[in-house]
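Coordinate inspection notes
The lines below spell out each chain.
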Amino acid sequence: MTENNRHSSSFRDPSGFIFEDQGVVKRSISKLYFKQYEALKSSGVFEKLQHAGLLIAHKECSNSPSEIIIEPEQIPFFTYPYEWSFDQYKAAALLTLRIQKFALEHDFSLKDASAFNITFHKGRMVFIDTLSFDFYEENTPWRAFKQFVSHFFGPLLLAKYHGSESLKLMNTFIDGIPIKMLSSMLPFKTKLNPFLYSNVHLLAKFEERHSEDYDGQTKQARLSKKGQLNIVEGLYDYIKKMSLNSTSSEWGNYYDKTNYAVDAFDQKSDIIERWIKTLNTRTLIDVGGNDGTFVRKIEHDLDQALVCDIDYNAVDVNYRLTKKHKEAYMLPFVFDVLNPSANIGFNHQERDSFLKRIQGFAPDVTMALAVIHHMSLSGNIPFEMSAEFFSSFSKYLIIEFPKREDSWVQRLLNTKGEFKSHFDFYSIAHFEKCYQSYFTLVEEKAIDHSERVMYLFKSKL
Amino acid sequence: MLQMIHFLYFDPGLGAMIIQAIVAAVAGVVLFSKNLMYKIKTFLGLSKPQDEVFDDIDIEDSDIDNASHSDRK
């Protein structure tokens, strides 16, 4: 019966599958996995990992001889590896290794190391694939080693040497970066480092040499548990110390170079606070929310605040603050409003698009502060189109419009040179007209001593 | 004999299985020398403060405490 509602991404592992039961996500466990499941339960492995916040909590709904059904804690909004900043990605890699070490010490082992086994929830990375554990078989190597390199270590190394944007490759390579390609993309000096040489370059060579293994000889390779722990701990130490080679940022120190005076900044956040409170907002998304500064200024209690930005460094800063202050409601992620994540994977149904996820989440309020001029003047998106986009997932929109006279707008317009007149559409009157075909204006408020106006709109959809 | 269900799942790659003996040996040497350096540095009073963002690999009881008060502020 449950087969009918099987989630379209849940087909890789025969141990069980995810399905939806009246809007609640549940996991069906097949007979194949009963022994593992019961052992994980009785040994306290599930319990300890869940108490430490490393593994998603679950409760058992039913237990019959043919099927066990568990209900995991629900995740309100899913982010995927290609939407994480460098430090978030690092945290996910380290989480996988921590769990693998813990599993090994309890005679279990992760049978896969996919980056999609992890998502960001309640202010931290959490492992969500409850069925990823298998019994540890004495003297066998880690079957998921290659997968760990292609899903985690590889993308992190590429980010280190070529910039955080390399993490977007996971959007194309949903089964991980091919090892051979990874090896060829890393700088020569990585070959001189014995650790990197053995984990990446030699791995690529071995994989190529043994690519035609038709006899199932895999079973014959042997490795002691101590050896495997060395691999896991070695990777952990290395990844924990990894940092980006270049940390220049588009917006990294944005608030140092804005054209805002302190009182205008405070007035802006007061307006936001008042509207958020009046609407009794529980959930919101801040599009272009930088490091979460404005969301953190909101005193009103929120259940969940999605704060996304195109800038990887801003998301990194936000992530570190979230972690430091243990802010369970904050969800930082990388987002390019001009190119949101699409539906990908088999039958375009494995990983949902941003739009599908955000429409499912349906935040009470969308905030778009100081982004409209970038969308309109850098991205050339007409007001009608941005209005349509913003109206499709939230009931309310708080949007800040910098007038033509604003120094940032002037800077963007000046880059257009002789084509400046093509952007005459960028005016407050035209903005209001276009937005009012998708929204009803609730309130507008000019910010004193600035060329900016705040709007509160209600979607007509 | 326990049934290892992962054989049904995905191919780990023969090369990747064989190579792990070498990877483990290299990692062993690196870890050993790091531990040695750490001990020397601690002895000389040069040890660095703990990382605030990223945890230690071992799951301590303090992690369990930390996870329980994850409410806002």
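What you see is a predicted model; the values in this text were computed from it and never measured. (Residues numbered from 1 in each chain as written. Chains lettered and ligands numbered in written order. Predicted model: local features only at pLDDT ≥ 70, side-chain atom pairs only at ≥ 80, totals over all residues.)

1. Focus: the sheet that holds strand β1 (residues 16-21) of chain A
Sheet strands pair by backbone hydrogen bonding; their relative direction is either parallel or antiparallel. Residues and elements named next belong to chain A. Ordered in space as β1-β2-β4-β3, the 4 strands form an open sheet in which the pairing is antiparallel. Lying at the two open borders of the sheet, with one neighbouring strand each, are β1 and β3 (58-63). Averaged over all neighbouring strand pairs, the angle between strand axes comes to 30 degrees, with direction disregarded. In the sheet, β1 pairs with strand β2 (residues 24-30) via 6 bridges, with the strands oriented antiparallel. Residue Phe 17 lies in a different strand from β2, and its bridge partner there is Ser 28. (Pairing = 2+ DSSP bridges. Helix = DSSP H or I, 4+ residues; strand = E, 2+ residues; numbered from the N terminus. Axes fitted to C-alpha atoms, helices over the stretch in contact; angles between N-to-C directions.)

2. Section: unusual backbone geometry
Residue and element names in this part refer to chain A. If you check the backbone angles, Asp 107 has positive phi at about 60 degrees while not being a glycine. Note on placement: Asp 107 falls in the loop between α3 (86-105) and β5 (108-110). With 14 C-beta atoms packed within 10 Å, Asp 107 lands in the partly exposed category. Positioned with a positive phi, Ala 370 is a non-glycine residue whose angle comes to about 50 degrees. With respect to the helices and strands, the residue Ala 370 is situated in the loop between β12 (365-368) and α12 (372-378). Exposure remark for Ala 370: the 21 C-beta atoms within 10 Å place this residue in the buried category. (Buried ≥ 20, exposed ≤ 12 C-beta atoms within 10 Å, placed from the backbone.)

3. A few points about the interface of chain B and chain A
Tallying the contact residues gives 40 residues for chain B and 64 residues for chain A. Those elements that place two or more of their residues in the side of chain B that touches chain A are α1 (14-43) and α2 (61-68) of chain B. Partitioned by chemical class, the residues of the side of chain B that touches chain A number 26 nonpolar, 7 polar and 7 charged. (Contact = placed C-beta atoms within 7 Å. Nonpolar A, V, L, I, M, F, W, Y, C, P; charged D, E, K, R; others polar.)

4. Observations regarding the sheet that holds strand β10 (residues 304-309) of chain A
Residues and elements named next belong to chain A. Sheet architecture is open: 7 strands sit in the order β11-β10-β9-β12-β13-β15-β14, paired in mixed fashion. The sheet is open, and its two edges are formed by β11 (330-334) and β14 (439-446), each paired on a single side. When the angles between neighbouring strand axes are averaged without regard to direction, this sheet yields 20 degrees. Where β12 and strand β13 (residues 396-402) come together, 4 bridges link them in parallel fashion. From the neighbouring strand, Ala 368 faces β13, where its bridge partner is Ile 399.

5. Things to note about the domain arrangement of chain A
Here chain A is partitioned into domain 1 (2-72), domain 2 (81-240) and domain 3 (254-459). Between domain 1 of chain A and domain 3 of chain A, the C-alpha centre-to-centre distance is 38 Å. (Domains from an automatic or database assignment.)

6. A word on the packing of helix α6 (residues 194-209) of chain A against α1 of chain B
At a minimum axis distance of 9 Å, the contact between α6 of chain A and α1 of chain B shows a crossing angle of 170 degrees. Comparing their axes, α1 of chain B and α6 of chain A come out roughly antiparallel. Crossing of α6 of chain A against α1 of chain B: the hand is right-handed. Packed against α6 of chain A, whose contacting residues are Pro 194, Phe 195, Ser 198, Asn 199, Leu 202, Leu 203, Phe 206, Glu 207 and Arg 209 of chain A, the element α1 of chain B presents Gly 15, Ala 16, Ile 18, Ile 19, Ile 22, Val 23, Val 26 and Val 30 of chain B at the interface. (Parallel < 35°, antiparallel > 145°, perpendicular 65-115°, else oblique. Left-handed = near helix turned anticlockwise from the far one by under 90°.)

7. Looking at helix α4 (residues 145-162) of chain A
Residue and element names in this part refer to chain A. The largest bend along α4 measures about 35 degrees and falls at Phe 153, with the proline Pro 155 one to four residues further on. With 15 of 18 residues buried, α4 lies mostly within the body of the structure. Where α4 terminates, the next one or two residues include Gly 163, which has phi positive at roughly 105 degrees. (Bend = angle between axes of the 7 residues up to and from the residue.)

8. Considerations on the packing of α3 of chain A against helix α10 (residues 312-324) of chain A
How two helices sit against one another is set out by the angle between their axes and by the gap between those axes. Residues and elements named next belong to chain A. Direction vectors running N to C along α3 and α10 enclose 55 degrees, while the axes themselves pass 7 Å from each other. On the basis of their axis angle, the class for α3 and α10 is oblique. For the pair α3 and α10, contact is made by Phe 86, Asp 87 and Gln 88 and by Tyr 312, Asp 316, Tyr 319 and Arg 320, respectively. Here the contact of α3 with α10 is composed, by residue class, of 3 nonpolar, 1 polar and 3 charged.

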